[in-house]
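# Architecture at a glance
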2 protein chains.
Amino acid sequence: MGTQGFRTLNEESLIEYIKATPALCSQLGDQVEGLTIKEVGDGNLNFVYIVVGPNGSFVIKQALPYIRCIGESWPMTKERAYFEALALKEHGRLCPNHVPEVYHFDRPMSLIAMRYLKPPHIILRKGLIAGVEYPLLADHMSDYMANTLFFTSLLFRSTLEHKRSVAEFCGNVELCRLTEQVVFSDPYRDAQYNRWTSPYLDNDAEEIRHDDTLKLEVAGLKSMFCERAQALIHGDLHTGSVMVTTDSTQVIDPEFAFYGPMGFDIGAYLGNLILAFFAQDGHADQVNDREKYKHWILTTLRETWNLFENKFISLWNKHQDGKGEAYLASIYNTTKLHLLVQKKYMKDLFHDALGFGSAKMIRRIVGVAHVEDFESITDASKRAQCERRALNLAKLLLKERRGFDSIDQVIASIQEFSSC
Amino acid sequence: MGTQGFRTLNEESLIEYIKATPALCSQLGDQVEGLTIKEVGDGNLNFVYIVVGPNGSFVIKQALPYIRCIGESWPMTKERAYFEALALKEHGRLCPNHVPEVYHFDRPMSLIAMRYLKPPHIILRKGLIAGVEYPLLADHMSDYMANTLFFTSLLFRSTLEHKRSVAEFCGNVELCRLTEQVVFSDPYRDAQYNRWTSPYLDNDAEEIRHDDTLKLEVAGLKSMFCERAQALIHGDLHTGSVMVTTDSTQVIDPEFAFYGPMGFDIGAYLGNLILAFFAQDGHADQVNDREKYKHWILTTLRETWNLFENKFISLWNKHQDGKGEAYLASIYNTTKLHLLVQKKYMKDLFHDALGFGSAKMIRRIVGVAHVEDFESITDASKRAQCERRALNLAKLLLKERRGFDSIDQVIASIQEFSSC
Ligand SMILES: Nc1ncnc2c1ncn2[C@@H]1O[C@H](COP(=O)(O)OP(=O)(O)O)[C@@H](O)[C@H]1O
Ligand SMILES: Nc1ncnc2c1ncn2[C@@H]1O[C@H](COP(=O)(O)OP(=O)(O)O)[C@@H](O)[C@H]1O
Ligand SMILES: [Mg+2]
Ligand SMILES: [Mg+2]
Ligand SMILES: [Mg+2]
Ligand SMILES: [Mg+2]
Ligand SMILES: [Mg+2]
């Protein structure tokens, strides 16, 4: 895709675009006067406009051919919008309760129109910083992950469907490449955009760049990320890609989607919950010591994995005589054997998730893109202490993950690091 | 691709085809009278014609839309010829000494013209059955595998090149699916075309269909085969896909090529050498007990792996500052760490090769397609004994492969099974 037919929109030109686009007009109940349009893109890469009219609303997301938070000096294909739209539609089909509907996609314009997730929806990360409990979050996110991952894997798909879809998403290579760089490479070397809470973490960052065991393990994870087409993953499933209210959970922003290892999504999400946990001490004050909330996060972490595991296994059982080609019912034909392969599969997936989750935690502390959970802790020394605990846990988990048998063991480790 | 422009050729119509095709005429020195044309396809899938004229020669291979040895009842896309031609050209570029040159490819006709590997070239499997030593074989095959695998992996390629090529070869899905079925599925269940030396191996075949540990391991290998795009593999690298003389080694027939695990190629080749070894007792007679030849096969096995490992590592060292994105020199920046990651990589690859190699041995004994090494042993009881030894070794290797640290340990196990 070149730049043919592409224009960068702004609040004004967007109005003209909407008026010229029947799908959008009808979404507004054909009432296109008196619109309010607001750019809200707080994300790192793209522009997001909220469009509200008297009889309807939507969100417009446009990708420009560079990374927004860096600028034109870091070019990035605007074709990412195509893969985001594809993934939103595919994941939306598989899990409509937790993915906003796509109303319109314009490939030359790299523009997606989707459901506006109205207030009180906020970005989950912000809720976690504010200390808000979401009682349905574990249920909803386990739903999302179990459905999107199971149904796009060879447990459900035929080889023919699988390879066709894998080939299509190979086109999203520039975004994969970005992940390779910022998650698996830059934190482990001197790199221009790396930063950390200096001087407090100078030694910690330095240690990571000289930790041979860590680098060896990271190489294995990177290979898996590059080579293993296990399922259609979101690719950027941190707590900033989830919008929530007390009873709604919506996953947005799958522009990094491709066929990769399931553990990358699960790990990204769990890892970001763990970062939220370690940030709490930095948000504690005399009114609220955050201990109860820390407990809630750990409970959510536990529930998310356990529910995910149960739901994934249930889907597998339900569809075990289906067209999925990984474990044919004619071979895995006794209850004992069926349980055996499932146990092995889930154990490997758990370890993958811990590995990728740890890599995602590390990169948020010593790499280019940090998280508001820590950034919002203004006292640098306090922030560094929180970050160091998270970093040390992540290093341990990444290296020793195969020794962890359950999420409870992970939680025990988190608690240890949290009190040292 | 439909059937547009496709005609099944035979000896007569091929002459007309050649006359109408300038690239082929010129290959014959423009002397297209007095051609001798002979169909020699002893393979399982396709038709192969040797075309010899007064001033030139070539081989024509045509894929029909079904599997030759089964018939029209087992349809198979003739587009496989496209991927065979692509792989021949790509592997030929990377290892010209051991891949026949492609002169002409006609996609609608599913037809490849390539260099005629003249006598005394014979199929390696036949040489192994006849007890012929090939002093350069280990050197040549290790060359072929090291070059084709290294240069198509992320050790040499950029992510951009890699994903583009992976996507293209996703198109060869029907052939992948065939492998999934005949290698990873059918031997482990009742299947129409399975056969074995009955009644001798009835229990052995039955045991395989009830061996939970084996089936668990096979599932892991199958997943790797389906999901892991590590390098452009040949996909069918048995000893029937290699033509040899004492000083030439040529790899043909990569119609199963796609981006898969390197261990699948290495294992296929080594596994077929091991089958050749176990067949020797069946070929022994009073003139030749084959002991010396068995020794040569084991030496060749050892040399093949060891040379492969050395050459692969050499290529890696030579290109470590290249565009390959798997192990960036800025991260893997000390000799110690570089050695550490290489050791880990080669160990994993060795275990993958043992796993896939074992699966390939098993399927040749209890699956649909058998090998001439055993089939040519006319005494069924003797044949069964040879096969059982190979089968038992393969089962052990497949299950316990991670406990093997070197090819010498594998050879020790082969020798144990060979004398029991
Ligand atoms: N469908 C939506 N409804 C409401 N707000 C949204 C929606 N999509 C995005 N946003 C807002 O825009 C921000 C950036 O969107 P996001 O898709 O994450 O863009 P980026 O790819 O730049 O990170 C989100 O953090 C959220 O505040
Ligand atoms: N380039 C060649 N030169 C000489 N003989 C060849 C050549 N290619 C194939 N053959 C002969 O044709 C047979 C079948 O070829 P192959 O490519 O293995 O077909 P299939 O895909 O049907 O197995 C080989 O075993 C070999 O005897
Ligand atoms: Mg975002
Ligand atoms: Mg639910
Ligand atoms: Mg984004
Ligand atoms: Mg062949
Ligand atoms: Mg063939």
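Residues numbered from 1 in each chain as written. Chains lettered and ligands numbered in written order. Predicted model: local features only at pLDDT ≥ 70, side-chain atom pairs only at ≥ 80, totals over all residues. Heavy atoms only, no water.

Stated precisely, the cut-off is as follows: UniProt positions are given in the numbering used here, feature names are shortened, and annotations may be inferred rather than shown by experiment.
Going by the annotation in an unreviewed UniProt entry, the name recorded for chain A is S-methyl-5-thioribose kinase, with Asparagus officinalis given as the source organism. Per UniProt, chain A has the following entry under Sequence similarities (unreviewed entry): "Belongs to the methylthioribose kinase family."

### Remarks on the interface of chain A and chain B
How large an interface is tends to be reported as the accessible area lost when its parts come together. The line we're drawing: The contact rule is simple, with two residues in contact once any of their heavy atoms fall within 4.5 Å. Once two parts are put together, the accessible area they lose, assessed with a 1.4 Å probe and summed over both, is termed the buried area. Between Lys or Arg on one side and Asp or Glu on the other, a salt bridge is scored when a side-chain nitrogen of the former is within 4 Å of a carboxyl oxygen of the latter. Polar contacts, as used here, are pairs of N or O atoms within 3.5 Å; protein pairs need one atom able to donate a hydrogen and one able to accept it. Residues neighboring in sequence count only if both atoms are side-chain atoms.
At the interface, 43 residues of chain A touch 43 residues of chain B. Looking at the side of chain A facing chain B, the largest losses of area belong to A:K163, A:L216 and A:E227, adding up to 18% of the total buried there. Counting across the interface, chain A meets chain B through six salt bridges. Between B:R228 and A:E227 there is a salt bridge; the shortest N-O distance is 2.9 Å. The interface formed by chain A and chain B includes 23 residue pairs in polar contact (both at pLDDT 80 or more).

### Side note on the site of ligand 2
Residues and elements named next belong to chain B. Definition in use: We call a residue near a molecule or strand whenever a single non-hydrogen atom of that residue lies within 4 Å of it. Every accessible area reported is derived by Shrake-Rupley at a probe size of 1.4 Å, with residue values counting cover from the shown protein chains alone. Residue polarity is assigned by list, with Asp, Glu, Lys and Arg as charged and Ala, Val, Leu, Ile, Met, Phe, Trp, Tyr, Cys and Pro as nonpolar; anything else, Gly included, falls into the polar class. Annotation comment: domain bounds sourced from an automatic or database domain assignment.
Taken together, 18 residues sit near ligand 2, with D42, N46, K61, R115 and E255 positioned nearest. A distance of 2.9 Å is found between a nitrogen atom of ligand 2 and a backbone nitrogen or oxygen belonging to L117. Coverage of ligand 2 by the protein amounts to 93% of the 550 Å² it exposes when considered alone. For the shell around ligand 2, the residue count by class is 10 nonpolar, three polar and five charged. Both domains that meet at the shell around ligand 2, namely domain 1 (11-114) and domain 2 (122-418), each give it at least three residues.

### A look at the domain arrangement of chain A
Residue and element names in this part refer to chain A. Here the domain parsing of chain A yields domain 1 (11-114) and domain 2 (122-418). Its C-alpha centre places domain 1 at a distance of 27 Å from the equivalent point of domain 2. At the interface, 25 residues of domain 1 touch 32 residues of domain 2. Of the roughly 2400 Å² buried between domain 1 and domain 2 on both sides combined, carbon and sulfur atoms contribute 66%. Counting the surface domain 1 buries against domain 2, the share from its top three residues, F83, H91 and H98, is 29%. Remark: the boundary between domain 1 and domain 2 carries three salt bridges. Close ionic contact of E90 with R157 constitutes a salt bridge, the shortest N to O distance being 2.6 Å.

### Here's the deal with the site of ligand 1
Residues and elements named next belong to chain A. Near ligand 1, the surroundings consist of 18 residues, among which D42, N46, K61, R115 and E255 are the closest. At 2.7 Å, a side-chain N or O of N46 approaches an oxygen atom of ligand 1. Taking R115, its main chain carries an N or O atom lying 2.8 Å from a nitrogen atom of ligand 1. In isolation ligand 1 offers 550 Å² of accessible surface; the protein chains occlude 93% of this area.

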